[in-house]
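Chain residues, written in single-letter form:
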Amino acid sequence: MEIDAYHGYVTPVLLFFLLFGMSGTVEVESVKTKIRSKKALVSGILMQFVIMPFTGFIAVISLTPSGTFTEAMGLSLLIVTTSPGGSLSNWIASLFNADLTLSVTMTSINTLLSSFLLPINLLLYTHLSYGVAGGESGSNVINNLEWGGLFISIGVVVSGILAGLAASYKFGSPKFHRRSNKFGSAMGTILCTYSLMISSGSDSAWYAQSWQFYVGMTLPPALGLGLANVIGCILKLESPERVTISIECSIQNVAIAATASLNMFDDQIDRDQALAVAIAYGIISMCLAVCYSFVSWKVGWTKAPADENFCVILTKTYEVDDDMEKQHASESTGGNECFDHLEENLTTADK
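Residues numbered from 1 in each chain as written. Predicted model: local features only at pLDDT ≥ 70, side-chain atom pairs only at ≥ 80, totals over all residues. Heavy atoms only, no water.

**Some points on the overall build of the protein**
On a plain count of helices and strands, the protein comes out with 15 helices and zero strands. For the protein, the proportion of its 351 residues judged to be buried stands at 51%. Within the protein, counting contacts between residues at least 6 apart in sequence, those at least 24 apart form 83% of the total. (Helix = DSSP H or I, 4+ residues; strand = E, 2+ residues; numbered from the N terminus. Buried < 20%, exposed > 50% of the residue type's maximum accessible area, 1.4 Å probe, protein only. Contact = heavy atoms within 4.5 Å.)

**Side note on a nonpolar patch on the surface**
A cluster of nonpolar side chains, Phe-294, Val-295, Val-299 and Phe-310, forms an exposed patch at the surface whose accessible area comes to about 330 Å². In this structure, Val-295 sits in helix α13 (residues 268-298). With relative accessibility at 47%, the residue Val-295 sits in the partly exposed group. (Patch = residues over 30% accessible without salt bridge, like charges linked within 9 Å, V, L, I, M, F, W, Y side chains within 5 Å. Areas by Shrake-Rupley, 256 points an atom, 1.4 Å probe, with all protein chains shown as cover. Salt bridge = Lys/Arg side-chain N within 4 Å of Asp/Glu carboxyl O.)

**Description of helix α2 (residues 28-35)**
Within the sequence span of α2, burial applies to Val-28, Ser-30, Val-31 and Lys-34. Projected down its long axis, α2 shows its buried positions confined to an angular sector of 155 degrees, all on one face. (Arc of directions from axis to C-beta.)

**Looking at the packing of aromatic side chains**
Aromatic rings in a pair are described by how distant their centres are and how their planes are angled relative to each other. One pass over the structure, following the stated rule, counts twelve aromatic pairs. Aromatic side chains Phe-294 and Phe-310 sit 5.5 Å apart centroid to centroid with 75 degrees between the ring planes, which places their arrangement in the edge-to-face category. Remark: Phe-310 occurs in helix α14 (residues 310-315) and Phe-294 occurs in helix α13; sequence separation between them is 16 residues. Taken together through their ring pairs, the aromatic side chains of Phe-16, Phe-17, Phe-20 and Phe-183 make up a single cluster. Over the ring of Trp-297 we find Lys-298; its NZ or CZ atom is 4.5 Å from the centre of that ring. (Phe/Tyr/Trp six-rings, centres within 6.5 Å; stacked < 30°, edge-to-face > 60°. Lys NZ or Arg CZ within 6 Å of the ring centre and 35° of its normal.)

**Some points on helix α10 (residues 211-234)**
The first and last C-alpha atoms of α10 sit 34 Å apart over 24 residues, in line with the 34 Å expected at 1.5 Å per residue. Leu-219 marks where α10 bends most, by close to 25 degrees; the proline Pro-220 follows one to four residues later. Among the residues of α10, those classed as buried are Phe-213, Gly-216, Met-217, Pro-220, Pro-221, Gly-224, Leu-225, Ala-228, Asn-229 and Gly-232. (Expected span 1.5 Å × (residues − 1). Bend = angle between axes of the 7 residues up to and from the residue.)

**Re the nonpolar core**
One finds Leu-15, Leu-18, Ile-92 and Ile-247 to be the most contacted residues of the largest nonpolar core, which totals 36 residues. Mapped by element, the contributors of at least two residues to this core are α1 (2-23), α5 (87-95), α6 (100-131), α8 (147-170), α9 (174-197), α11 (239-250) and α13. The leading source of residues in this core is α1, at six residues. Once residues within four sequence positions are removed from consideration, Leu-18 is found in contact with Ser-87, Leu-88, Trp-91, Gly-184, Met-187, Gly-188 and Leu-191. Membership of the second largest hydrophobic core comes to 26 residues, among which are Phe-57, Ile-154, Met-217 and Val-277. (Core = buried A, V, L, I, M, F, W, Y, C linked by side-chain atoms within 4.5 Å.)

**Remarks on the packing of α10 against α13**
Relative to each other, α10 and α13 sit at 40 degrees, their axes nearing to 9 Å. Considered as vectors, α10 and α13 are oriented oblique to each other. Regarding α10 and α13, the two cross each other, and that crossing is right-handed. Taken together, the residues of α13 that come into contact with α10 (itself represented by Phe-213, Tyr-214, Met-217, Thr-218, Pro-220, Pro-221, Ala-222, Leu-225 and Asn-229) are Ala-276, Val-277, Ala-280, Tyr-281, Ile-284, Ser-285, Leu-288 and Tyr-292. A breakdown of the residues in the contact of α10 with α13 according to their chemical character gives 14 nonpolar, three polar and no charged. (Axes fitted to C-alpha atoms, helices over the stretch in contact; angles between N-to-C directions. Parallel < 35°, antiparallel > 145°, perpendicular 65-115°, else oblique. Left-handed = near helix turned anticlockwise from the far one by under 90°. Nonpolar A, V, L, I, M, F, W, Y, C, P; charged D, E, K, R; others polar.)

**Some thoughts on unusual backbone geometry**
Backbone geometry places Asn-97, a non-glycine residue, at a positive phi of 60 degrees. Position of Asn-97 among the secondary structure elements: in the loop between α5 and α6. Residue Asn-97 is classed as buried on the basis of its relative accessible area, which comes to 2%. The backbone of Lys-236 sits at a positive phi, close to 60 degrees, despite the residue not being glycine. Examined against the element boundaries, Lys-236 turns out to sit in the loop between α10 and α11.

**A few points about the environment of Ala-258**
Summarising the element assignment, Ala-258 is placed in helix α12 (residues 254-264). Distance in space between the C-alpha atoms of Ala-258 and Ser-76 is 8.1 Å, their sequence separation being 182 residues.

**Structural notes on the state of the cysteines**
On inspection of all chains with the given rule, the structure shows zero disulfides. Left without a disulfide partner, Cys-287 is nearest to the cysteine sulfur of Cys-291, which lies 6.6 Å away. (Disulfide = S-S within 2.5 Å.)

**Concerning the side chain of Gln-273**
Here Gln-273 lies in helix α13. Classification of Gln-273 as buried rests on a relative accessible area of 13%. Within the structure, Gln-273 has its side chain in polar contact with the side chain of Thr-70 (distance 2.8 Å). (Polar contact = N/O pair within 3.5 Å; in protein donor to acceptor, adjacent residues only side chain to side chain.)

**What to know about the confidence of the model for the protein**
In this model, the protein carries an average pLDDT of 77, and 77% of its residues clear a pLDDT of 70 or more. Taken together, the stretch residues 323-339 has pLDDT below 50 and engages in four contacts with residues farther than four places along the chain or on a different chain. (pLDDT = per-residue confidence, 0-100.)

**Side note on the packing of helix α4 (residues 71-81) against α13**
Between two packed helices, the angle of one axis relative to the other and the distance separating the axes together describe the packing. It is the contact of α4 with α13, at a shortest axis distance of 8 Å, that shows an interaxial angle of 35 degrees. In the packing of α4 onto α13, the handedness of the crossing is right-handed. Note on element contacts: α13 touches α4 through Asp-270, Gln-273, Ala-274, Val-277, Ala-278 and Tyr-281, opposite Ala-72, Met-73, Ser-76, Leu-77, Val-80 and Thr-81. Partitioning the contact of α4 with α13 into residue classes produces eight nonpolar, three polar and one charged.

Dropping the structure here:
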């Protein structure tokens, strides 16, 4: 219990600083511009709160009868798939130079929407999975829902994003954005490493499950990744936007499920099983997103040049360069308009 309590403090802190760093990378004005990208945002919201919860439900009802999923595992997976996009999606979008501004914007909006859409989806699919045919056992599963832990994680995500955007607005120089990006990337690496370290060494650990368990963990993020990419192509979104939506919809905020797992169950085995789902889902979804992002970079769908060195694109943010180019272009246009106006006045004076 001491380790669990320690984890309950460390994970939210790392999560906060990861989101602070990623949000501090982007320009506030760029976020305002992305909010106007209705096609990208609406498609992302529909994927996040309609398609992803349904994929989790399909996985649960498919694997529970076979004995692969316990009630603790099923409930944890439903929490994951009804959660908003995870902070690691911002990190991967930053590493592979997708549209980080859109990623942060989507995470912000989806996290705020999740304050009421997450409980609605979770109650709906928990009832369909356990309450309808589960009898008294199903009622116990629903009664075990720990809303306090869920909303604490949502609050951490919102506060981290808002703090990062506030810092970006206050100290919005390219140098600050680059340092913020490196800081957020470092926090993401630490968070991933720590999440693996806290996994239990018991038979319920994430690496000690049957192959059916891993198929169930792969199904929702794989479907989310593929469907989001197809929808992005149909809507003719820009390539970096399409990559970002695909990443955002395949990586859920597993920290919410991990926090709930530590607070929801009194039995150690149930806690380990629920936590195994959160960790396994996070690892598998991240691996899928990384592979997809790598391919997207090589085919020229991201902001990074496809022929650039791999280590360079991982350590360099083209988000800042892109914003600077737009700013310089705007300044240049403004300067040209001034010269044109001056030339027109001189010509009128000569006449």
